[in-house]
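Geometric and topological summary
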Amino acid sequence: MHFKRVINNILKENDIVLFIDMDGVLASYDFGKPYNFGMKRPLNSNINKIKEVLNERIEVHILSVCNNDSQIEEKNSWLDKYVDYASKDNRHIISKESNPGKTSAQLKLEFLESFSTNKKIVLIDDDNVVLKVVHKGLKDAVMIQDSELVDWGYYDRIWRIVF
């Protein structure tokens, strides 16, 4: 799988700080539907694919944005329930309410620019705008689109069986 190969190649030379978005990566995201994080379906395939590559050289962080301050606790409760590898100290849930006028991409880039580490920063996100903005600001960071977590070989095998 491409995701594992990318992580293993980075680990040949660097330890990793892995930042994972929530909406659309760890939890289902239905664009335009009312926000209720307690009802979000866990994307178990993604959660497990990430868990498979973790080791002592990978420091895991959650990097997520929400609209309101009250939603921070909703997201933390959801993580407590579904993602056992994300410690509370490594959860960075940023509220747009506390940062008016800033986009999710700007908020994530600002956070990552201020994060001090000598490890390789890797960001997994489903939003191409976020990935482009962060990549432009942090040239040495590695961007992984959430679709890279999918084992496309599995779907190819299903396709051949069905057709």
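Structure first, text after, so check above.
Description of the structure in this document.

The rules behind these values
Residues numbered from 1 in each chain as written. Predicted model: local features only at pLDDT ≥ 70, side-chain atom pairs only at ≥ 80, totals over all residues. Heavy atoms only, no water. Core = buried A, V, L, I, M, F, W, Y, C linked by side-chain atoms within 4.5 Å. Buried < 20%, exposed > 50% of the residue type's maximum accessible area, 1.4 Å probe, protein only. Helix = DSSP H or I, 4+ residues; strand = E, 2+ residues; numbered from the N terminus. Contact = heavy atoms within 4.5 Å. Pairing = 2+ DSSP bridges. Axes fitted to C-alpha atoms, helices over the stretch in contact; angles between N-to-C directions. Polar contact = N/O pair within 3.5 Å; in protein donor to acceptor, adjacent residues only side chain to side chain. Parallel < 35°, antiparallel > 145°, perpendicular 65-115°, else oblique. Left-handed = near helix turned anticlockwise from the far one by under 90°. Nonpolar A, V, L, I, M, F, W, Y, C, P; charged D, E, K, R; others polar.

Here the focus is the nonpolar core. The biggest cluster of nonpolar side chains holds 31 residues, and the ones touching the most others in it are I7, I20, L26, I50, W78 and I124. Looking at this core element by element, the count peaks at five residues for helix α1 (residues 2–11). Once you skip the residues sitting within four places of it in the chain, I7 turns out to touch I16, V53, I58, V122 and I144. Membership of the second largest hydrophobic core comes to 18 residues, among which are V17, L107, L123 and V130.

Moving on, we get to the sheet that holds strand β1 (residues 16–20). With parallel pairing, five strands are arranged side by side in an open sheet as β3-β2-β1-β4-β5. Since the sheet does not close on itself, it has two edges, and those belong to β3 (91–95) and β5 (142–145), each with one partner. Recorded for the sheet is a direction-independent mean angle of 20 degrees between the axes of neighbouring strands. Contacts from α1 reach β1, β2 (58–66), β4 (120–125) and β5, with the element oriented near 165 degrees to β5.

Turning our attention to the side chain of H92. Residue placement: H92 occurs in strand β3. Side chain to side chain, H92 and H61 meet in a polar contact 2.7 Å long. Apart from residues no more than four positions distant in its own chain, H92 is found in contact with F19, H61, I62, L63, S64 and F111.

Before going further, it helps to examine the packing of α1 against helix α2 (residues 44–53). Viewed as axis vectors pointing N to C, α1 and α2 meet at an angle of 30 degrees, and their least axial separation amounts to 10 Å. The orientation of α1 with respect to α2, classified from their angle, is roughly parallel. You can see that α1 and α2 cross each other, and the crossing is right-handed. On α2, the residues touching F3, K4 and I7 of α1 are K49, I50, E52 and V53. Tallied by class, residues from the contact of α1 with α2 come to four nonpolar, no polar and three charged.

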